[in-house]
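Architecture and fold: a report
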Amino acid sequence: MGIYVNDTICAVSTASGMGAIAIIRISGERSHEITLSVFRKKTGALNISDIKAYKAYFGEIFDPKSEDMIDEVLVTFFKNPHSYTGEDSVEISCHGSVYVQQRILELLVNQGGRLAEPGEFSKRAFINGKLDLTQAEAVADLISSQNEASHRIAVNQLKGGFSKELKELRAKLLDLTSLLELELDFSEEDVEFADRTQLRDILNESLTHIGKLTDSFRLGNAIKNGIPVAIVGETNAGKSTLLNAILGEERAIVSDIEGTTRDTIEETFNIDGTLYRFIDTAGIRETSETIEKIGIERTFRKISEADIILGMLDLTKGYENVCKAAELIISKIDSEKQTLLLIGNKRDLAVSFPISQLQESYQNIPFSFIYAKDTADIDTLKSLIIKYSNIHKVTSNESLVTNVRHYEALVHAAQSLRQVRNGMDMNLSADLLAEDLKDALYHLGSITGEVTNNEVLGNIFKRFCVGK
């Protein structure tokens, strides 16, 4: 997106295609004038001086050249600065015919408007101080949210919760930076304006706060894109059957022949308002077959990427073999970052299996014993998945980092703050400490847009839909 200019832009803001109604949005200093050149009220003329903001006017869009009516519409005028963009703007509600939408846009452009670029309305809202950068990005997240959890996170960010945390954090560091720089003016007098004990306390507090935010990225990103759940285990343990049962459709091939799943199969599924990304993997076993070996290597890779592991155990294989299978799965898990649920499958065929003995052997791991074709068992398993995905711990006021750009900026800010702390241990001068503090302030400010550049803005807003 190019350099911002204060011209007048227009775009269809509703979803593309035909519908009952469509909304065309116009923003810029000539938006009222341009609209009135193609709009007339049913009850008489409407002049710019007569416009009342936030009032809907019923009338028709017409072609100024032929005087032909294009459509009956409702037009709402907004006056700066009390609009989404902070500029004079207009919303035209017309019938949803694609032809009608395009004709109205054509008339607006002919009268001096310009077709908006992706995200240009939100970009103007940011430039005019109506939104900061994190809130603008939350608009895109809110539009694309597909489940309750991601919607809740986007709404909190849109309300400014995340921005408030960052601004408070940045304000403390900015005060200390100012005091350190003040010391430079009195360097010959060897005066300390910034209390070093207080500086260390604020550094530690800030690093702890940033650490919590960066740690939240794994969960926040998973909620946004679907929490990854890998279904792993030996061949013929029932992994594909379980995937089909969870999805309620025959997505994966199920066969008595071992090794039929050669590659990973991924499907997203919404459980009680949270999106999960289920991954059916190739069965783990010793094999010389080239294609199957590649599938097993991918299984191990998917295990490392998943947040939740469903370890499938075939109870018909006997106690010792089940324990060996469990140990193999456990050896591939990072217990600090991942949650393992062991699934004892085929309970209907293994009625004499010592379930209590197995649970006793692995007391720290949650179990679920199922018959994959029993709806009640699958519902119980879904409840366990929800429980151990920690979604219930996410409150409407909690800030979770869901954006890679934010995560990287926080990581860089933390590195700079650690350099300040190390510099204090080495008794470095105030000017060197101040430089690292300013670097941390830059990275924190880049998240909310307090410091930014056109290239960054272009990369952010080009991913928005046209009309937003």
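In this report, the structure presented in the accompanying data block is examined.

Rules and cut-offs
- Residues numbered from 1 in each chain as written.
- Predicted model: local features only at pLDDT ≥ 70, side-chain atom pairs only at ≥ 80, totals over all residues.
- Heavy atoms only, no water.
- Phe/Tyr/Trp six-rings, centres within 6.5 Å; stacked < 30°, edge-to-face > 60°.
- Helix = DSSP H or I, 4+ residues; strand = E, 2+ residues; numbered from the N terminus.
- Buried < 20%, exposed > 50% of the residue type's maximum accessible area, 1.4 Å probe, protein only.
- Pairing = 2+ DSSP bridges.
- Expected span 1.5 Å × (residues − 1).
- Polar contact = N/O pair within 3.5 Å; in protein donor to acceptor, adjacent residues only side chain to side chain.
- Salt bridge = Lys/Arg side-chain N within 4 Å of Asp/Glu carboxyl O.
- Axes fitted to C-alpha atoms, helices over the stretch in contact; angles between N-to-C directions.
- Contact = heavy atoms within 4.5 Å.

Before going further, it helps to spend a moment on the packing of aromatic side chains. Applying the stated criterion to the full structure yields 7 aromatic pairs. Centroid distance tyrosine 57 to phenylalanine 77: 5.8 Å. Interplanar angle 75°. Geometry classified as edge-to-face. Of this pair, tyrosine 57 sits in strand 4 (residues 56–62) while phenylalanine 77 is found in strand 5 (residues 69–78), placing the two residues 20 residues apart along the sequence. Comparing tyrosine 57 with phenylalanine 77 shows no difference in burial state: the two are buried.

Attention shifts here to the pairing of strand 1 (residues 9–12). Each regular strand shows side chains that alternate between the opposite faces of the sheet. The side-chain alternation of strand 1 yields two buried faces, one formed by Ile9 and Ala11 and the other by Cys10 and Val12. The sheet contact formed by strand 1 and strand 2 (residues 19–27) spans 4 bridges and is antiparallel. Note that in strand 2 the partner of cysteine 10 across the bridge is isoleucine 26. Pairing of strand 1 with strand 7 (residues 114–115), which is carried by 2 bridges, proceeds in the parallel orientation. From the neighbouring strand, cysteine 10 faces strand 7, where its bridge partner is leucine 115.

With respect to the helices and strands, the residue lysine 65 is situated in the loop between strand 4 and strand 5. Judged by relative accessible area, lysine 65 falls into the exposed class, the value being 81%. Note: C-alpha distance between lysine 65 and leucine 107 (42 residues apart in sequence) is 10.0 Å.

Next up on the list: helix 2 (residues 98–110). The first and last C-alpha atoms of helix 2 sit 18 Å apart over 13 residues, in line with the 18 Å expected at 1.5 Å per residue. The complete set of buried residues in helix 2 reads Val100, Gln101, Arg103, Ile104, Leu105, Leu107 and Leu108. Glycine 112 occupies a position one or two residues after helix 2 and carries a positive phi of about 120°.

Assignment of secondary structure puts aspartate 63 in the loop between strand 4 and strand 5. Owing to a relative accessible area of 14%, aspartate 63 belongs among the buried residues under this scheme. Of note is the side chain of aspartate 63, whose polar atom sits 3.3 Å from the side chain of arginine 103.

All chains considered together, the criterion is met by 25 salt bridges. Taking the shortest distance from any N to any O, the salt bridge between arginine 124 and glutamate 120 comes out at 3.6 Å. Taken as a pair, arginine 124 and glutamate 120 lie in helix 3 (residues 120–127) at a separation of 4 residues, close to a single helical turn. For arginine 124, a relative accessible area of 0% corresponds to the buried category. Residue classification places glutamate 120 among the buried residues on the basis of a relative accessible area of 6%.

By way of backbone hydrogen bonds, the strands of a sheet pair with one another, either parallel or antiparallel. One open sheet holds the 6 strands; their spatial order is 9-10-8-11-12-13, and the pairing between them is mixed. Both edges of this open sheet fall to strand 9 (265–271) and strand 13 (367–370), since each of them pairs with a single strand only. Each adjacent strand pair in this sheet contributes to an overall mean axis angle of 25°, direction not counted.

Let us look at the sheet that holds strand 5. In space, the 7 strands of this open sheet follow the order 3-4-5-6-2-1-7, with mixed pairing throughout. Edge positions in the sheet fall to strand 3 (39–41) and strand 7, since each of these pairs with one other strand and no more. Contacts between helix 2 and the sheet are confined to strand 1, strand 2, strand 4, strand 5, strand 6 (89–96) and strand 7, with strand 6 contributing the most and set at about 150° to the helix. Contacting strand 1, strand 2 and strand 7, helix 3 crosses the sheet at an angle of about 135° to strand 1.

In this section: the pairing of strand 4. Counting buried positions along strand 4 yields 5 of 7 residues, so the element is predominantly enclosed. Of the strand pairs in this sheet, strand 3 and strand 4 are connected by 3 bridges, and their pairing is antiparallel. Bridging from a neighbouring strand, arginine 40 pairs with glutamate 60 of strand 4. Of the pairings in the sheet, the one linking strand 4 to strand 5 comprises 7 bridges and is antiparallel in character. Across the sheet, the residue bridging to phenylalanine 58 is leucine 74, located in strand 5.

Here we take up the environment of histidine 95. Along the polypeptide, histidine 95 turns up in strand 6. Residues histidine 95 and valine 73 lie 22 residues apart in sequence; the distance between their C-alpha atoms is 7.4 Å. If near-sequence neighbours (up to four positions away) are discounted, histidine 95 is found in contact with Ala20, Ile21, Ala22, Asp71, Glu72, Val100 and Gln101.

Bear in mind that shape data such as this cannot, by itself, settle questions of function.
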